[in-house]
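# Descriptive analysis of the structure
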Amino acid sequence: QVQLVESGGGLVQAGGSLRLSCAASGRTFSSYAMAWLRQAPGKEREFVASISNSGGDTYYADSVKARFTISRDNAKNTVYLQMSSLKPEDTAVYYCAARLGIGLWYRLADFSSWGQGTQVTVSS
């Protein structure tokens, strides 16, 4: 399985931007579909965005569409989440997740590998 390490979280004012990164170990990163999910305090973990193993296809939750962009650099074994126009309701721990194979995935049970998470806090 691939090992995942997130970074880039922090405190930002509403309307601001952040870019999260997720670095993966191993030489088969391009074989994995990737996703970002998040968990706010007292809430269940929810899907944010996913990207196919080639990077050619993406899928977003309605709550972040047009504000967040998922991308990947297979040469660097890294997936990114560019977040713009951040809102206080975006405050959560953001997790990177991976699933071996093609396609786009969005359910928690779809993913076999998870990172430890990075905290994003948006102040009003």
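In the block above lies the structure referred to throughout.
Since the model is a prediction, treat every value here as computed from it, not as a measurement.

Parameters at a glance
- Residues numbered from 1 in each chain as written.
- Predicted model: local features only at pLDDT ≥ 70, side-chain atom pairs only at ≥ 80, totals over all residues.
- Heavy atoms only, no water.
- Phe/Tyr/Trp six-rings, centres within 6.5 Å; stacked < 30°, edge-to-face > 60°.
- Helix = DSSP H or I, 4+ residues; strand = E, 2+ residues; numbered from the N terminus.
- Lys NZ or Arg CZ within 6 Å of the ring centre and 35° of its normal.
- Disulfide = S-S within 2.5 Å.
- Buried < 20%, exposed > 50% of the residue type's maximum accessible area, 1.4 Å probe, protein only.

### Description of the packing of aromatic side chains
For the structure shown, the criterion picks out five aromatic pairs. Each ring, one from phenylalanine 47 and one from tyrosine 106, has its centre 6.2 Å from the other, and the planes form 75°; the classification is edge-to-face. Of this pair, phenylalanine 47 sits in strand 5 (residues 46-51) while tyrosine 106 sits in the loop between strand 9 (92-100) and strand 10 (113-114), placing them 59 residues apart in sequence. Arranged with centres 6.4 Å apart and planes meeting at 80°, the rings of tyrosine 95 and tryptophan 114 form a pair that is edge-to-face. Taken together, the positions of tyrosine 95 in strand 9 and tryptophan 114 in strand 10 put the pair 19 residues apart, joining distant regions of the chain. Aromatic rings pair up to connect Phe47, Tyr59 and Tyr106 into one cluster. For the cation-ring pair, arginine 72 lies above phenylalanine 29, with the distance from its terminal atom to the ring centre recorded as 4.4 Å.

### Details of the state of the cysteines
Enumeration according to the criterion identifies one disulfide in this entry. Paired by a disulfide, cysteine 22 and cysteine 96 hold their sulfur atoms 2.1 Å apart. Across the S-S bond of cysteine 22 and cysteine 96 the torsion is about -80°, and the bridge reads as left-handed. Of this pair, cysteine 22 sits in strand 3 (residues 18-24) while cysteine 96 sits in strand 9, and the two are 74 residues apart along the sequence. Residues cysteine 22 and cysteine 96 agree in their burial class; the two are buried.

Shape is all these values report; function is a separate question.
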